[in-house]
Each structure stands twice: as C-alpha cells, then as structure tokens.
Amino acid sequence: MNQKNDYIIENWFSTPIYSGNSIEYAQKLYEPILKHLDWEKINRKRFYKGRTTYNTSKNLAIEPEFEDFVNHLKDTANDFLTELGYDYEKISKKFNPYIFATELNKGSFQERHIHAYQLSGILYIKVPDGSAPIIFNDPIHMREYTNWPVKNPKSPNTFLTVNYKPIVGTLLMWPSWLYHEVLVHEVDDNRIGLVFNL
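Residues numbered from 1 in each chain as written. Predicted model: local features only at pLDDT ≥ 70, side-chain atom pairs only at ≥ 80, totals over all residues. Heavy atoms only, no water.

What about the packing of aromatic side chains?
The full count for this structure, using the stated rule, is nine aromatic pairs. These aromatic residues form a ring-pair network of at least three members: Tyr-25, Phe-69 and Phe-196. Just above the ring of Tyr-179 sits the side chain of Arg-112; from NZ or CZ to the centre is 5.3 Å. (Phe/Tyr/Trp six-rings, centres within 6.5 Å; stacked < 30°, edge-to-face > 60°. Lys NZ or Arg CZ within 6 Å of the ring centre and 35° of its normal.)

What to know about unusual backbone geometry
We note that Phe-13 has phi near 60 degrees; this positive angle belongs to a residue other than glycine. On the secondary structure map, Phe-13 appears in the segment before β1 (18-21). The phi torsion at Asn-55 lies on the positive side, around 60 degrees, for a residue other than glycine. Take Asn-55: its relative accessible area is 60%, and that puts it in the exposed class. (Helix = DSSP H or I, 4+ residues; strand = E, 2+ residues; numbered from the N terminus. Buried < 20%, exposed > 50% of the residue type's maximum accessible area, 1.4 Å probe, protein only.)

Quick notes on the sheet that holds strand β4 (residues 110-113)
Strands sit in the order β4-β9-β6-β7 across an open sheet of four strands; the sheet is antiparallel. Each having just a single partner strand, β4 and β7 (161-164) make up the two edges of the open sheet. On average, each strand axis in the sheet is tilted by 15 degrees relative to the strand beside it, whichever way the strands run. Note: strand β6 (residues 134-137) against β7, four bridges, orientation antiparallel. Bridge assignment links Asn-137 to a residue of β7, and that residue is Thr-161. (Pairing = 2+ DSSP bridges. Axes fitted to C-alpha atoms, helices over the stretch in contact; angles between N-to-C directions.)

What about the environment of Thr-52?
Secondary-structure assignment places Thr-52 in strand β2 (residues 51-52). Taking the C-alpha atoms as reference, Thr-52 lies 19 Å from Asn-96; in sequence the two are 44 residues apart.

With respect to the layout of surface pockets
A volume near 870 Å³ is recorded for the largest pocket. Taken together, 27 residues make up the lining of the largest pocket; nearest its centre are Asp-138, Arg-143, Pro-156, Asn-157 and Phe-159. Counting residues per element, the ones that place at least two in the lining of the largest pocket are β6, α5 (143-146) and β7. Residues of the lining of the largest pocket, tallied by class, amount to 15 nonpolar, nine polar and three charged. Quantified by volume, the second largest pocket comes out at close to 350 Å³. Taken together, 22 residues form the lining of the second largest pocket, with Phe-100, Gln-110, His-113, His-115 and Val-195 sitting closest to its centre. Among the secondary structure elements, those contributing two or more residues to the lining of the second largest pocket are β3 (98-104), β4, β5 (119-126), β9 (180-182) and β10 (191-197). When its residues are assigned to classes, the lining of the second largest pocket shows 13 nonpolar, seven polar and two charged. (1 Å grid on protein atoms, 1.4 Å probe; cavity = no way out; pocket = protein on both sides within 12 Å on 5 of 7 lines; lining within 4 Å. Points joined across faces, edges and corners; volume = space filled by probe spheres on them. Nonpolar A, V, L, I, M, F, W, Y, C, P; charged D, E, K, R; others polar.)

Thoughts on the environment of Leu-29
Summarising the element assignment, Leu-29 is placed in the loop between α1 (23-28) and α2 (30-37). Taking the relative accessible area as the measure of exposure, Leu-29 reaches 1% and is therefore buried. As a C-alpha pair, Leu-29 and Leu-183 span 154 residues in sequence and 25 Å in three-dimensional space. The residues contacting Leu-29, other than those within four sequence positions of it, are Glu-65, Phe-66, Phe-69 and Leu-194. (Contact = heavy atoms within 4.5 Å.)

Let's talk about the sheet that holds β2
Read across the sheet, six strands follow the order β1-β8-β5-β10-β3-β2 without closing on themselves; strand pairing throughout is antiparallel. Of all the strands in the sheet, the pair left with one neighbour each is β1 and β2. As paired elements, β2 and β3 share two bridges and run antiparallel to each other. Bridge pairing in β3 places Arg-51 opposite Glu-103.

In structure tokens form, the structure reads like this:
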C-alpha cells in the first residue's frame, strides 16, 4: 500500500493591498474636493457622465489644503512597504505625488487600467448605497487565457478578479502595476473619491 508523501502548498508572488480607516481625511477634504470639482475648467470628458480633476492643470497634491493628506499617504506607504520587506527610503525617492478627485454619476464607469507610479490608491469620500465596486484583476494575465476549470469558486486561489465594496473613509493602497476598474455606477446619487499616486 502506497503512503502519500507529506507536502505543503505555498502561495508565491502575492499581490498586497493596504486597507485602512482614514475617515478624518474624508471629512476634512470633502468641501475642498467639491470646490475643485466645481472648477470651471474641470475635465468632464474623462469619465462618462462624471467629473474629475484628472488631466487638468490641477494637481491636488500641491494644493495647501491637501498637504497633511500627502504626508499621511507617505506615512502609510512607509508602514505598507516596510512591513512587506521593501526599502521605503529608496522607493520614496521615486515618489512624484499626484492626486485627483473623481465624481461618478449614474451611468459612469472606469475601464481597466494601471498607473505609471510606485503606489496608487483611493480614499472614499462619499459613497451612497449601491455604489459601483472597484474591481482588482489578477496580475498574472496568462491565467485569463489558460485558466484551469474551477471546482471551488470560493477558494482565493481561483480568483481572476476581486470586487471591493467602497466604504466612506476607507483608504486603499496598492502597487501601481495592479490592473483595476470600476463597474457602471447605477444609483442616482454621486460617488466621490480622491485618487492618489506616489
């Protein structure tokens, strides 16, 4: 009778995502964000039926009212990267903070994309019930074409995407190379977020 050998299964090449509570910044920055979204030169073409300060002359990271938030992001990045085993001091020398506000209205969405920075993320400012989730995509893209048949869809090892339901005050941070997207926002009230890159 054959005896099964002892073995272990390890997960290599993991994708880390930071999630934390920054409700004080969501409350503090709500009015400044509305002011910038009401700017007459706002970008209304980037998001279908929505508004954003992205791709305008405004970088909110250099606006005085966002200075404390930028420092908070750097402190968070320090904790995140250090705990993962990376050298924050060397990585932070490549930081080029860029922050923009986004407003998704009914029918708005964001196609799958990545960011050309070190770290990216979002702080959720206003999130009505039923808001569209953010979708993170498996960075091992070959699995989209050669994925094995799934027997247990609840096992994280089988996931090709992960849906995250936004919550006001939650700050998410991830490596900028991670693909993500936002499904169609189907409720009447608007969803507001503060997107950042380091």
